[in-house]
Amino acid sequence: MSLLITGGTGYIGSHTVVELLNTNQDVVIVDNLANSSTKSLDRVEKITGIRPVFIEADICDKDAMRKVFSEHDISAVIHFAGLKAVGESTQIPLSYYHNNVSGTVALLEVMGENNVKNIVFSSSATVYGENNISPLVETMPTSATNPYGQTKLMVEHILFDLAKSDPEWSIISLRYFNPIGAHKSGLIGENPNGIPNNLLPFVSQVAVGRLPELNVWGDDYDTVDGTGVRDYIHVVDLALAHLKAVNALSILSGCTAINIGTGNGTSVLEIVNKFKEISGVDIPYKISPRRPGDIATVFAKADLAEELLDWQAERDLNAMIADTWRWQSQNPNGFE
Ligand code: NAD
Ligand code: WQD
């Protein structure tokens, strides 16, 4: 039996595939390479000694997905595939709704046809919207402030409704906080297209000289130093949470949303200072106006993951930054 990993050549998917292969789990990756390259497969093979099965296909293409299920014995799906850039989602919302929502519905339909009713979904802390006070708890009301966030929220609603309609479905929606870091080998890591939106890829591209300086979006928040506070989580810890979630699918019934974070908050300037300390490289920055849509502080209550998945984050901020820096300094232009 194999696990189907949609989006498995992307950032979080490739790290999860490494951890799955390390535990001798058979995987089948489906990715349309919209935001990734097959070079990540070469690197995964270098790390694990195993070349994962890869099928270039779009999850929206039901015939292609039916072929995947007919040719492979799939026990469960880890569903990473999706578009993820918040800013872009406001420019091309229909592409986001089509890809992330219609694509997931198509995937679920093909799964149902094949009687595969186990899925772990990549959700996001974005579903907590802007009105809840951290620490964010799974029982808090959800909302969305941009089309990307809406797609995550809509898919969560679809998954809850599906599980309610048919008790054979077992679904875990993992709400990731801010994934950063890279595999300790420095062979795989985050490889964003164009100018990064997220803090860590931006800081690391400044550090290697690809970008001149960081804009710190606001220093007048009610936080430790006025800059935004987030719950950064090492991508390998996040990958390991997926292994635990897949195991839990056989125990948990229905649809369960679970935070995946550390429970700790770190400010933008704390990140910049830690990055300088670990890399030994200066990170020029300037304070700029607040970014629209940002809130001061976001961090998780991470207890449910421990209770239901027996998972907690193990890698600290030093490891997150050191591993980010190893990846970026060894691969200044990503996989190119
Ligand atoms: P990523 O872009 O590196 O990986 C996503 C992968 O999905 C890419 O390889 C892309 O080519 C593929 N893909 C996109 N649309 C597809 C389609 N229609 N069919 C097949 N493949 C498709 O992003 P990531 O950071 O690894 O994120 C993985 C998942 O986690 C996404 O669903 C994202 O929304 C979610 N998530 C990410 C973050 C984050 O900050 N990175 C936070 C919360 C949630
Ligand atoms: C972190 C902090 C910024 C860039 C986003 C998505 C969310 C989720 C994770 C997918 C904030 C500050 C950033 C920069 C800065 N993705 N910052 N200068 O906004 O918490 O979450 O990624 O689900 O949906 O919205 O992450 O990395 O963009 O920002 O000062 O150039 O860094 O203001 O305080 P965010 P981020």
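Overview of the structure. All residue numbers refer to position in the chain's written sequence, counted from 1. Note on labels: chains are lettered from A, ligands numbered from 1, in written order. The model is predicted, so local features are restricted to residues of pLDDT at least 70 and side-chain atom pairs to those at 80 or more, both for listing and for counting; the totals for chains, interfaces and linings are taken over all residues. With hydrogens and water excluded, all non-hydrogen atoms of the structure serve as input to the side-chain values.

## Some words on the site of ligand 2
Phase 1 of the analysis: The immediate surroundings of ligand 2 are formed by 19 residues, with Ser 124, Tyr 148, Asn 215, Arg 230 and Asp 294 found nearest.
Phase 2 of the analysis: At a separation of 2.6 Å, an oxygen atom of ligand 2 approaches a polar side-chain atom of Arg 230.
Phase 3 of the analysis: Taking Asp 294, its side chain carries an N or O atom lying 2.6 Å from an oxygen atom of ligand 2.
Phase 4 of the analysis: Taking 690 Å² as the accessible area of ligand 2 by itself, protein coverage stands at 87%.
Phase 5 of the analysis: Of all elements in the fold, only α7 (199-207) and β8 (214-217) reach the threshold of two or more residues within the shell around ligand 2.
Phase 6 of the analysis: Put simply, DSSP H or I for four residues or longer makes a helix, DSSP E for two residues or longer makes a strand, and each gets a number counted from the N terminus. Per-element accounting of the shell around ligand 2 gives the leading share, four residues, to β8.
Phase 7 of the analysis: Amino acids outside the nonpolar list (Ala, Val, Leu, Ile, Met, Phe, Trp, Tyr, Cys, Pro) and the charged list (Asp, Glu, Lys, Arg) are all regarded as polar, and Gly is one of them. By residue class, the composition of the shell around ligand 2 is nine nonpolar, seven polar and three charged. The cutoff for a nearby residue is simple: one of its non-hydrogen atoms must lie within 4 Å of the molecule or strand. Here a polar contact is taken to be a pair of N or O atoms separated by no more than 3.5 Å, where protein atoms must pair a possible hydrogen donor with a possible acceptor and residues adjacent in sequence count only if both atoms sit in side chains. Exposure was quantified through the Shrake-Rupley algorithm and a 1.4 Å probe, taking into account, for residues, occlusion by the shown protein chains and nothing else.

## Examining the nonpolar core
In globular proteins that are soluble, nonpolar side chains generally tend to be buried together.
Phase 1 of the analysis: By convention a nonpolar core is built from buried Ala, Val, Leu, Ile, Met, Phe, Trp, Tyr and Cys residues, the set being connected through side-chain atoms within 4.5 Å. The classification of residues rests on relative accessible area computed with a 1.4 Å probe and restricted to protein chains. Under 20% of the type maximum is buried, over 50% is exposed, and intermediate values are partly exposed. One finds Ile 5, Ile 78, Ile 172, Leu 174, Ile 260 and Leu 309 to be the most contacted residues of the largest nonpolar core, which totals 39 residues.
Phase 2 of the analysis: Looking at this core element by element, the count peaks at eight residues for helix α8 (residues 235-248).
Phase 3 of the analysis: We call two residues in contact when some of their heavy atoms are within 4.5 Å. Setting aside its immediate chain neighbours within four residues, Leu 309 contacts Ile 172, Leu 174, Ala 241, Lys 244, Ala 245, Ala 248, Ile 258, Ile 260 and Leu 304.
Phase 4 of the analysis: In terms of nonpolar packing, the next biggest core, distinct from the first, is built from 26 residues, Ala 57, Ile 59, Ala 64 and Leu 159 among them.

## As for the site of ligand 1
Phase 1 of the analysis: Near ligand 1 there are 26 residues, and of these Asp 31, Asn 35, Ser 36, Phe 80 and Tyr 148 occur at the shortest range.
Phase 2 of the analysis: Contact between ligand 1 and Ser 36: an oxygen atom at 2.7 Å from a side-chain N or O atom of the residue.
Phase 3 of the analysis: Between ligand 1 and Asn 99, the relevant distance is 2.8 Å, taken from a nitrogen atom to a side-chain nitrogen or oxygen of the residue.
Phase 4 of the analysis: About the coverage of ligand 1: the protein hides 96% of its 820 Å² of free accessible area.
Phase 5 of the analysis: Secondary-structure elements contributing two or more residues to the shell around ligand 1 are α1 (11-22), β5 (118-124) and α6 (147-165).
Phase 6 of the analysis: When residues of the shell around ligand 1 are assigned to their parent elements, the largest contribution, three residues, is made by β5.

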